[in-house]
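Residue-level listing of the chains:
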Amino acid sequence: MERRGAGAAAAAAVGRRLLWALPAYAAGLLGLGAGALLLALALYAGWRRRRRARQRALSLAARLHSDEEAAVRAAAAGLGAARGELPAWVSFPDVERAEWLNKILAQTWPFFGRYMEKLLVESIAPSIRASNTHLQTFTFTKVDMGEKPLRVLGVRAHPGTHKQQILLDLNISYVGDVQIDVEVKKFFCKAGVKGMQLHGTLRVILEPLLGDVPIVGALTMFFIRRPTLDINWTGMTNLLDIPGLSSMSDTMIMDTISSYLVLPNRLLVPLVPNLHDAARLRCPLPRGVVRVHLFGARELRSKDRFMGGLVEGKSDPYAVLRVGTQVANSRVVQNELSPTWDEVYEFIVHEVPGQEIEVELFDKDPDQDDLLGRMKLDFGEVLKARVLEEWFPLQDGGRGRLHLRLEWLTLLPDASKLEQVLQRNRTIPSNPDPPSAAILVVYLDRAEELPMKKPGKEPNPMVQVSVQDVTRESKVVYNTRHPVWEDAFRFFLHDPAHQDLDIQVKDDPRQTPLGSLSVPLSRLLSAPELTLTEPFALQHAAPNSRLHLTLVLRVLYFDGPEDGPPPPTPPGQLETPPGASSARRPSKASPDPQFGTEAVLRIHLLEAEDLIAKDNFLGGLMKGRSDPYAAVRAGGRLFRSRVVREELNPRWNEIYEVVVDDIPGQDVEFELFDKDVDKDDFLGRCKVPLKRVLSCGFVDEWLPLEEVRSGRLHVRLERLQPQPSSAQLEQVLHTNSLLQPSRGEELSAALLSLFLDRAAELPLRKGSKPPTAFAVLSVRDVSFKTKTCAPSTDPVWDEGFSFLIKRPHGETLELKVQDAGGQALGALSLPLSQLLAAEALTLDTWLPLSGGGQVLLRAQLGILVSQHSGVAPSSDPTPGGDAEPQEVMAGGDKEENQDGGGTLRHRLPPAHSRTELGGPRLQLTLWYHRDERKLVAIVHGCRQLKPPPKAPPKDPPDPYVSLLLLPPERGRGSKRRTAVQRRTLNPDFNERLEWDVAPEDAPRCVLEAQVKAHVSFMGGKEVLGKLHLDLAQVDLAEGGTHWYELQDERGSP
């Protein structure tokens, strides 16, 4: 029997292997090529991968729902679910748990399942069979809502807009084991759904509150934003899991849900009979209108490539603005990375807080448009500020920024300010449409005594409501002369005194007219509270035909400040009119109030733990490791760490710096990948809200990695606020020299904020034409380019830039003004040392250009002082400049002196200023770097070295320093040496040397230093001085800089 069982298993295994060859055989039989076979395999691989991802997501969510408290505790310990997958009450203190409600839902869920089964089988299925002759055999073979009910993860209560209203936000999550199977027997077609996820925030409004039971008159429910949906298909609908079809099917389903339950659509559930004002509850007056000025963008990514990517082009950007179901598209700007639109759009806002504006930028292409970046903003910020104008950073857009101005327009119930509104609107560009002065809401209640076009047959009435060229349509009410719609429509009005409302009642589907109506909107201007409610007699209808309407007009009034930052100058317009006198030229720059308020974010990427092993061998039989690296996104910048080979617990210890501002909605994002030859594998992601770092100043955390089963990342984030004083500059340079990682750029000591206002008296181009000028500003290898102004000798740029400065003493700002044709118009070099000597480190004045003309700019330097560096501050420097170094004897005993600590960039005084000290000396900085677990020695320089006896008197030696670190136990030491300095007895080295030492061993080590010199080509080396230093006598936590006396001994190396 055992032999028969083994034989059967072997035959089954061979059969499964042969099934893999079946697709190739079928392709050959049908005459298909290898391309069709590869396409089929690719679709199958995509389908299988998506199915597995959905099953993993369903199982993870199910585990979270089964024991919420255990999942939260595990996440707090850095295990299990990521923080973004936890209930809202974990992250937001004003969100409350609703376990009592979940218990009620769990108890009633089986009865809800019975109701759904009855609804689908007895109501939905007959409707589907009657809708099409091909579906006459359609039936639901199984309807099971499962055992996992809908859960409410958190409840947040908001104060209503009035006392008869209660607002609740329910954070709902449905991870169900629902199974619904359908069958069309005529075509032998079976399909269905097995498992579904739905996550979103459902707003519930209890309104109106009554003085009688049931206290609440109705429930209004809607999603403020589109919820997320994930469906696990079965049967024939498995095809919907193919990449491409999957996103299409989910989008179609979400569009259907949005048409009923996403703002401005609402689901009204009356709790009392004959509820008054049902239409107003279903469609209340908006909270306000936001006018969005889309000015332009800058530094967008280039998406157009030519010659197979060898030649980089530009982009053809356009913007898509979304507020709920309201969508607006801008025009396409061809071949431009800094486009200017100067367009104005208006959006109706229903719920604040909650509703957001989302702007996405795309590159227009013949096939599929490429994403250039996106941004989101909650309208609560606009309501609070009344007017908000910013250069918003783009997510997924590199360094790209978007210039928007958002104005909150209040709805006024009287016409007293209408003329003021119309006068202001005349100053706003009518691009693409004229600005609106008012909003009209039409509440369509019901009609009565409609005519019958055919005797004995009731009409199917529907209504078309129009204002100028904008038309809205109501739903169709079947077989009645007395239809009830209870619907509402909204219209923007440019001038209500000269516009009409046109209404037509028609019989659907023949579109036969049943009556019409025209109402001049000027009637509303004299009505009480701009509201008109009455039954209107229909024209071209039966004598008693009436249409019951309520018309509400509201004036859009802007009550914010008018003296905000001016909008960009439209293309082709002169910033300075020809012949404008220089007498009106401003003496100081006029930057935006937000100028100079930026901060620097220092990101310290330390290490990771428990990463997933992605490198497998022999088809997965042998588990390998991973070659991890990190991608860090912050402030529109992307940083990439080095790759750590074959390690699941990598240590990077890399530092990145980026200039950030306090614009809401930004995150510091981390993504980990496994480096591979072909495509890098994903190892997880996490993020920290930038607002959190800016508010608390310092974050040091282990962040759990999301979308993977294990792994966490250790990061340290610090906000460096620029200080307008140079008193701590030497201490900052000293601290940076100690913190400087072995890899990466030099740490920044200051932030330069530059505002380029304008230029004046620029030279004319050939032919006496004014130039179309732009400016290029650069510090080291970082450059920025301004916009190109319209032809003028006095261009106005009005732009701000920021530079990270490494060494303020030695860096220079270079500014070049050029014509668009390539002609140089002038240049300027500004050493930053001038700013260090200026009051408040600020320079605001006109500066001359080398080629003629002058520029007005404001340059502001801020010193970046770290409060969490871990380096103890050194002694205060003496007033007036460089500090005197401390004198330390060779044996390690310190002599108290008036010296402070030096720095890596400390300028050593000349030898004649040290003659009173006597003897050769070596200046060292010793510090233990705990993050890198390294002993750091910075060799600054030597003074008053004595020449070797064999050296010619007029030929100084070529000294260098050799350091030998002896371990605590007897063993071989580790030697480091500096570079050779030529022909000097007072050399400056300023070199950093490092040793890998455990923290407990560092104080027990001994450091031996020798200053040596090359005497001649054949004479070898000569020792100019020695130092024996016991590190137990040195404060390695301070990182101070001291002078050490050298023993004057002569010996061979």
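Residues numbered from 1 in each chain as written. Predicted model: local features only at pLDDT ≥ 70, side-chain atom pairs only at ≥ 80, totals over all residues. Heavy atoms only, no water.

As a further point, take the overall build of the protein chain. Within the protein chain, the secondary structure is distributed over 13 helices and 55 strands. For the protein chain, the residues scored as buried account for 47% of the 1053 residues in total. When contacts within the protein chain are restricted to residue pairs at least 6 apart in sequence, those whose partners lie at least 24 apart make up 66%. Carbon together with sulfur atoms contributes 53% to the accessible area of the protein chain, which is approximately 53,000 Å² in total. (Helix = DSSP H or I, 4+ residues; strand = E, 2+ residues; numbered from the N terminus. Buried < 20%, exposed > 50% of the residue type's maximum accessible area, 1.4 Å probe, protein only. Contact = heavy atoms within 4.5 Å. Areas by Shrake-Rupley, 256 points an atom, 1.4 Å probe, with all protein chains shown as cover.)

This part covers the environment of proline 831. For proline 831, the location among the structural elements is in strand S42 (residues 824-831). Proline 831 gets classed as partly exposed once you look at its relative accessible area, which sits at 27%. Each C-alpha atom of the pair proline 831 and glutamate 811 lies 6.2 Å from the other, and the pair is 20 residues apart in sequence. Other than its neighbours up to four places away in sequence, proline 831 contacts Glu811 and Thr812.

Within the span of helix H9 (residues 418-425), buried status applies to Leu418, Val421, Leu422, Arg424 and Asn425. End-on view of H9: buried residues confined to an arc of 165 degrees, all on one side of the axis. Contacts from the buried residues of H9 go to strand S8 (288-298), strand S17 (401-412), helix H10 (522-525) and strand S25 (546-558). (Arc of directions from axis to C-beta.)

This paragraph deals with the packing of aromatic side chains. Using the criterion set out here, one finds nine aromatic pairs in the structure. Seen from their ring centres, phenylalanine 595 and phenylalanine 755 are 5.9 Å apart, and the 65 degrees between their planes marks the pair as edge-to-face. Here phenylalanine 595 is found in the loop between S25 and strand S26 (599-609), whereas its partner phenylalanine 755 is found in strand S37 (residues 750-760), with 160 residues between them in sequence. In terms of burial, phenylalanine 595 and phenylalanine 755 fall into one category: buried. One aromatic cluster is present, formed by Trp109, Phe112 and Tyr174 through successive ring pairs. (Phe/Tyr/Trp six-rings, centres within 6.5 Å; stacked < 30°, edge-to-face > 60°.)

Take a nonpolar patch on the surface next. Together, Leu267, Val269 and Leu271 make up an exposed nonpolar region whose accessible area comes to about 210 Å². Assignment of secondary structure puts valine 269 in strand S7 (residues 267-270). (Patch = residues over 30% accessible without salt bridge, like charges linked within 9 Å, V, L, I, M, F, W, Y side chains within 5 Å. Salt bridge = Lys/Arg side-chain N within 4 Å of Asp/Glu carboxyl O.)

A cluster of acidic side chains, namely Glu117, Asp144, Glu147 and Asp177, defines a negative patch on the protein surface. For aspartate 144, the position within the fold is in strand S1 (residues 138-144). By relative accessible area, aspartate 144 is classed as partly exposed at 34%. (Lys, Arg positive; Asp, Glu negative; His and termini not counted. Charge placed at Lys NZ, Arg CZ, Asp CG, Glu CD.)

Next up on the list: empty space enclosed by the protein. Under the definition given, this model contains five cavities of 30 Å³ or more. Considering only enclosed or pocket space, the largest cavity measures out at about 140 Å³ in volume. Contributing to the lining of the largest cavity are twelve residues, with Arg602, His604, Arg716, Glu718 and Leu739 lying nearest its centre. Of all the secondary structure elements, the ones that give two or more residues to the lining of the largest cavity are S26 and strand S35 (712-720). (1 Å grid on protein atoms, 1.4 Å probe; cavity = no way out; pocket = protein on both sides within 12 Å on 5 of 7 lines; lining within 4 Å. Points joined across faces, edges and corners; volume = space filled by probe spheres on them.)

Along the chain, aspartate 365 turns up in the loop between strand S14 (356-363) and strand S15 (370-378). Dropping the residues within four chain positions of it, aspartate 365 is found in contact with Asp304 and Asp370.

This paragraph deals with the sheet that holds strand S32 (residues 667-674). If you walk across this open sheet you meet the four strands as S30-S29-S32-S33, and the pairing is antiparallel. This sheet does not close on itself; its edge strands, each paired only once, are strand S30 (637-640) and strand S33 (681-689). Across the sheet, the axes of successive neighbouring strands diverge by a mean angle of 15 degrees, strand direction being ignored. With eight bridges connecting them, S32 and S33 associate as antiparallel partners. Bridge pairing in S33 links valine 668 to valine 688. (Pairing = 2+ DSSP bridges. Axes fitted to C-alpha atoms, helices over the stretch in contact; angles between N-to-C directions.)

The omega torsion of the bond from glutamate 207 to proline 208 falls at -5 degrees, within 30 degrees of zero and hence cis. At asparagine 479, a position not held by glycine, the phi torsion is positive, near 55 degrees. Examined against the element boundaries, asparagine 479 turns out to sit in the loop between strand S20 (470-473) and strand S21 (484-493). A positive phi is found at arginine 983, a non-glycine position, where the angle reads about 50 degrees.

For the rest of this paragraph, the subject is the pattern of salt bridges. Applying the stated criterion across every chain yields a total of 44 salt bridges. The partner of arginine 633 in a salt bridge is glutamate 671, and the shortest N-O contact between them spans 2.8 Å. Taken together, the residues span a long stretch of sequence, with arginine 633 in strand S29 (residues 628-634) and glutamate 671 in strand S32 at a distance of 38 residues. Assessed through its relative accessible area of 12%, glutamate 671 is described here as buried. Here the residues in one salt-bridge network are Arg322, Glu358, Glu360, Arg374 and Asp396, joined through shared partners.

Before going further, it helps to spend a moment on the sheet that holds strand S11 (residues 317-323). Strand order in this open sheet of four strands is S12-S11-S14-S15, and the pairing throughout is antiparallel. The strands lining the two open edges of the sheet, one partner per strand, are strand S12 (326-329) and S15. Put simply, the sheet's adjacent strands are angled 15 degrees from each other on average, direction ignored. Bridging between S11 and S12 involves four bridges; their strand directions are antiparallel. What sits directly across from valine 323, in S12, is glutamine 326.

Per-residue confidence for the protein chain gives a mean pLDDT of 79, with 77% of residues at or over 70. Looking across the protein chain, the model is least confident in strand S47 (residues 899-900), with a mean pLDDT of 36, and most confident in S29, with 93. In the predicted structure, residues 76-85 sits below a pLDDT of 50 and forms twelve contacts with residues beyond four places in sequence or in another chain. Low pLDDT, under 50, characterises residues 239-248; the stretch is placed with 21 contacts to residues that sit more than four places away or in other chains. (pLDDT = per-residue confidence, 0-100.)

Most of strand S48 (residues 921-929) is tucked away: nine of the nine residues are buried. By the bridge criterion, nine bridges tie S48 to strand S49 (residues 934-943) in an arrangement that is antiparallel. Along S49, the bridge assignment pairs leucine 926 with alanine 937. Count of turn residues in the S48/S49 antiparallel hairpin: four residues, of which arginine 933 carries a positive phi of about 55 degrees.

Given 3.6 residues per turn, any residue in an α-helix points the same way as the ones three and four places further on. Burial analysis of helix H12 (residues 729-739) places nine of its eleven residues in the buried class, which makes it a mostly covered element. Burial in H12 covers these residues: Leu729, Val732, Leu733, His734, Thr735, Asn736, Ser737, Leu738 and Leu739.

A few words on the environment of tyrosine 478. Mapped onto the secondary structure, tyrosine 478 falls in the loop between S20 and S21. Residues in contact with tyrosine 478, not counting those within four places in the same chain, are Pro459 and Asn460.

On to the nonpolar core, then. Within the largest apolar cluster, 38 residues are counted, with the highest numbers of intra-cluster contacts made by Leu752, Phe803, Leu815, Val817, Val855 and Leu857. Elements represented by at least two residues in this core include exactly H12, S37, strand S38 (773-779), strand S40 (796-805), strand S41 (812-819), S42, helix H13 (833-837) and strand S44 (854-864). In this structure, leucine 752 is in contact with Val779, Phe801, Ser802, Phe803, Ile805, Leu832, Leu835, Ala859, Gln860 and Leu861, ignoring residues within four places of it in sequence. Core analysis: the second largest hydrophobic core is formed by 37 residues, Ala437, Leu517, Phe536 and Leu553 among them. (Core = buried A, V, L, I, M, F, W, Y, C linked by side-chain atoms within 4.5 Å.)

Considering the arrangement of structural elements, one finds arginine 602 in strand S26. A polar atom in the side chain of arginine 602 sits 3.3 Å from the backbone oxygen of serine 748. Apart from the residues within four sequence positions on either side, arginine 602 is in contact with Ile655, Tyr656, Glu657, Arg716, Leu717, Glu718, Leu720, Asn736, Leu739, Leu747, Ser748 and Ser866. (Polar contact = N/O pair within 3.5 Å; in protein donor to acceptor, adjacent residues only side chain to side chain.)

This brings us to the environment of serine 695. Among the structural elements, serine 695 can be located in helix H11 (residues 690-696). Judged by relative accessible area, which is 59%, serine 695 ranks as exposed. When the C-alpha atoms of serine 695 and aspartate 662 are compared, they prove to be 9.4 Å apart, with 33 residues separating the residues in sequence. At 2.9 Å, the side chain of serine 695 and the backbone oxygen of arginine 692 are in polar contact.

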